[in-house]
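# Working through the structure, step by step
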Amino acid sequence: MNKLYIGNLVEEASVEDLEALFGEWSLATSGPFLVKTGYAFVDCPDEKVTMKAIDLLSGKVELHGKVLEVEHSVPKRQRSCKLQVRNIPPHMQWEVLDGMLAQYGAVENCEQVNTETETAVVNVRYGAKDQARLAMEKLNGFMLENFALKVSYIPDEAVALAADGPPTGGRRGFPPRGPGARAGSPSMGARPKLQSEVPLRILVPTQFVGAIIGKEGITIRELTKQTHSKIDIHRKENAGAAEKPITVHSTPDGCSNACKTIMEIMAKEAVDTKFTEEIPLKILAHNNFVGRLIGKEGRNLKKIEQDTETKITISPLQDLTLYNPERTITVKGSIEACSRAEEEVMRKVRESYENDVAAMNLQSNLIPGLNLNALGLFPGGAPGMGSSMGNAPPPGAHSGYCPSFGSGPFGGRGLGRPQNLDPDEASIRIWGTTFCLACFNELLLLQGPQESETVHLFIPAAAVGAIIGKQGQHIKQLSRFACASIKIAPADPLDTKHRMVIIVGPPEAHFKAQGRIFGKLKEENFFGPKEEVKLEAHILVPSFAAGRVIGKGGKTVNELQNLTSAEVVVPRDQTPDENDQVVVKIIGHFYASQLAQRKIQEILAQVRRQQQPKPSPGAQPPMPRRK
């Protein structure tokens, strides 16, 4: 793939001409030039030099009055389905590029190529030769945001191997059938993105914002070009504040390079303005990821400090509110050390995010009819998800948080309650993801007026302090948020590992309260980073209705377990309490538990309706009262 084709040569062009030209541009070659009439070939030492030659010479440099065409030399047998698209606008979003490429056929793979140019380069493999040929015809020279795209074939090694080796397909050379046959399908696996789904968020002192932007924006534009990043400086947020947030959208390397350059700009400005105080790096991270960043007994954070020779502190939980879910991670050390620490911190944050997305993808099919695209849980380009939330990564939306929270962790501090907040747009965070409760009306399966329900939720005994919070702040805040009564029952001497949380309220209150408790246990590391939070919940049902929950021969309870993926147990040997009620046990993750609770309450509602006395024939309905 390191052989170049040099076209549009004049007849008198010689080897010496080409050697002088490549030497002038400091382009190394690994073999002699092979000059033909009107074109030539040459081998380059590696892909980096090959790309540099294409970027510097093709369509830009003349030889004896003719503009050269320089591209990969591709043998005809390898001129198949693989193209290279160059000169892509540096800030172009993946969704736009993906949609443009998909107009001409099924894109099996698309990966970005690292180059020294300001514009982006991608290698694309289409599902068929005619699709690749059509894409090349339509896209080569196509103007996109004042950039003319350049498209050329690149060697398709898979085709070459298939041609050289024995056929591996089924009968008569057809591709084999079976699960592995569609491994290259666009829907299988995550395709590389042009930018990370988790941006970098940092806080900078307000007095340095002008230096970062530069005169007429020249510094920020240069920084954006160098790092291939989209950088948002939120100057208008929190007028008069001592610090302003900056959001960097790019690849992980692009984010780190931008961060380091911003630190260098601030250090230079500090010297010029005789600012003597230390300027630490302050990274903003969603609270749901911080517990996993810290690690058990602080091991992860200590290791980052030791490896990078920095001092790292994290703002206290007390600074969080419902509308500001970010923690401030302060890193002190040299610029080089802080840059290394930023890479490690954000790597851990991105890992946590990816684990959460994977968990959500696995669980999304457990609730029939639940459409995650409609709920707006994930950003455009997330695996298997739509683009209902624009380009901001979760947790968040619209370059911020959930629509009900206005600005948030990835586009603004989210300080202060947004105006005109519709109470139906209240939201909840579970495992690092924001849910809009208005979207869950169908999930709650409510029929008729909401009645108060009681659920006993069992949590690890060690987690009681985290649920209660300092001086009871967390449980009070949770109770207000969910509009539910939430109490911690006294310790049971027969069960020292668990404590019972008594939650009383309507179904929506249970959804909010239980969701927050599940999320809190996850973020406080009471469960492993890849471990599902599964809790046991108890519902009290009238003893005469227990048989309806079980069903004939256990049919109903078995169907309930298959539908919800929760374990549902109705102990047969239990004695009813003073209210003639027995316990139904539900064990599962949040989704499963909620769906099982709704289904059981639906059964109980049917029983109650059937027990209501039917009006006698000919009886007159009650007359409404006059007001």
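Here, the structure is the one placed above.
Notes on the structure in this doc start here. In this text the structure is predicted, and so the values were computed from the model without any measurement.

Cut-off values and rules
Residues numbered from 1 in each chain as written. Predicted model: local features only at pLDDT ≥ 70, side-chain atom pairs only at ≥ 80, totals over all residues. Heavy atoms only, no water. Helix = DSSP H or I, 4+ residues; strand = E, 2+ residues; numbered from the N terminus. Buried < 20%, exposed > 50% of the residue type's maximum accessible area, 1.4 Å probe, protein only. Contact = heavy atoms within 4.5 Å. Areas by Shrake-Rupley, 256 points an atom, 1.4 Å probe, with all protein chains shown as cover. Arc of directions from axis to C-beta. Pairing = 2+ DSSP bridges. Axes fitted to C-alpha atoms, helices over the stretch in contact; angles between N-to-C directions. Core = buried A, V, L, I, M, F, W, Y, C linked by side-chain atoms within 4.5 Å. Left-handed = near helix turned anticlockwise from the far one by under 90°. Nonpolar A, V, L, I, M, F, W, Y, C, P; charged D, E, K, R; others polar. Phe/Tyr/Trp six-rings, centres within 6.5 Å; stacked < 30°, edge-to-face > 60°. Lys NZ or Arg CZ within 6 Å of the ring centre and 35° of its normal. Salt bridge = Lys/Arg side-chain N within 4 Å of Asp/Glu carboxyl O.

Before going further, it helps to spend a moment on the overall build of the protein chain. Within the protein chain, the regular secondary structure consists of 18 helices and 26 strands. Considering the protein chain as a whole, with its 627 residues, one finds that 46% of them fall into the buried category. Taking the intrachain contacts of the protein chain between residues at least 6 apart in sequence as the baseline, contacts between residues at least 24 apart amount to 67%. When the accessible surface of the protein chain is split by element, carbon and sulfur atoms take 51% of a total near 32100 Å².

Owing to its 3.6 residues per turn, the α-helix brings residues three or four apart onto one side. Along helix α7 (residues 218–227), the residues classified as buried are Ile220, Leu223, Thr224 and Thr227. Buried residues of α7 fall within an arc of 100° about the axis and therefore sit on the same side. Residues of α7 that are buried sit in contact with α6 (209–213), β14 (230–233) and α8 (252–272). Just downstream of α7, His228 is the residue with a positive phi angle, here 55°.

Moving on, we come to the sheet that holds strand β15 (residues 243–249). Across the sheet, which stays open at both edges, the six strands sit in the order β14-β15-β13-β16-β18-β17 with antiparallel pairing between neighbours. Both outer strands of the open sheet, β14 and β17 (311–314), are each paired with one neighbouring strand and no more. Across the sheet, the mean angle separating the axes of adjacent strands is 25° when strand polarity is ignored. Pairing of β17 with strand β18 (residues 326–332), which is carried by four bridges, proceeds in the antiparallel orientation.

On to the nonpolar core. Counting 46 residues, the largest nonpolar core has Ile517, Leu521 and Ile600 as its most contacted members. No other element matches helix α18 (residues 590–611), which puts eight residues into this core. Apart from the residues lying within four places of it in its own chain, the contact partners of Ile600 are Val541, Val549, Leu560, Val568, Val584 and Ile586.

Before going further, it helps to spend a moment on the side chain of Ser58. The topology assignment puts Ser58 in the loop between α2 (47–57) and β4 (62–63). Beyond its immediate sequence surroundings of up to four residues, Ser58 is in contact with Ala53, Leu68, Glu69, Val70 and Lys150.

Before going further, it helps to spend a moment on the packing of helix α17 (residues 555–564) against α18. Where α17 contacts α18, the two axes come as close as 9 Å, and the packing angle between them is 145°. Pair α17 / α18 crosses with right-handed handedness. Together, Thr556, Leu560, Leu563 and Thr564 of α17 and Ala592, Leu595, Ala596, Lys599, Ile600 and Ile603 of α18 make up the contact between the two elements. Residues that form the contact of α17 with α18 fall into these classes: seven nonpolar, two polar and one charged.

Turning next to the pairing of strand β7 (residues 82–88). The buried count for β7 comes to seven of seven residues, which makes it a mostly enclosed element. Note that β7 and strand β9 (residues 120–126) share five bridges and pair antiparallel. The partner of Gln84 across the bridge, within β9, is Asn123. As paired strands, β7 and strand β12 (residues 150–153) are joined by four bridges and run antiparallel to one another. When the sheet's bridge partners are listed, Gln84 is paired in β12 with Ser152.

Of note, the phi angle at Asn87 is positive, near 65°, even though the residue is not glycine. Of note, Asn87 is situated in strand β7. Of note, the phi angle at Glu309 is positive, near 55°, even though the residue is not glycine. Among the secondary structure elements, Glu309 is positioned in the loop between α10 (299–308) and β17.

Turning next to the packing of aromatic side chains. With the rule as written, the count across this model stands at seven aromatic pairs. Put simply, the rings of Tyr5, Tyr39 and Phe41 pair up and form one aromatic cluster. The positively charged end of Lys512 is found above the aromatic ring belonging to Phe481, 5.5 Å away from the centroid.

This part covers the sheet that holds strand β3 (residues 39–43). With respect to topology, four strands assemble into an open sheet ordered β2-β3-β1-β6, the strand pairing being antiparallel. The sheet terminates laterally at β2 (34–36) and β6 (69–72), the two strands that pair on one side only. Looking at each pair of strands side by side, their axes are set apart by 20° on average, direction ignored. Bridging between strand β1 (residues 3–7) and β6 involves four bridges; their strand directions are antiparallel. Each bridged residue has a counterpart across the sheet, and for Tyr5 the counterpart in β6 is Glu71. Where helix α1 (residues 15–24) meets the sheet, its contacts fall on β1, β2 and β3, and the angle it forms with β1 comes to roughly 115°. Seen against the sheet, α2 touches β1 and β6 and runs at an angle of roughly 155° to β6.

So, on to the pattern of salt bridges. A full pass over the atoms with the stated rule returns 14 salt bridges. Among the ionic pairs, Arg347 bridges to Glu344, the shortest N-O distance being 2.9 Å. Here Arg347 pairs with Glu344, and both are found in helix α11 (residues 335–363), just three residues apart, close to one helical turn. Since its relative accessible area comes to 41%, Arg347 is described here as partly exposed.

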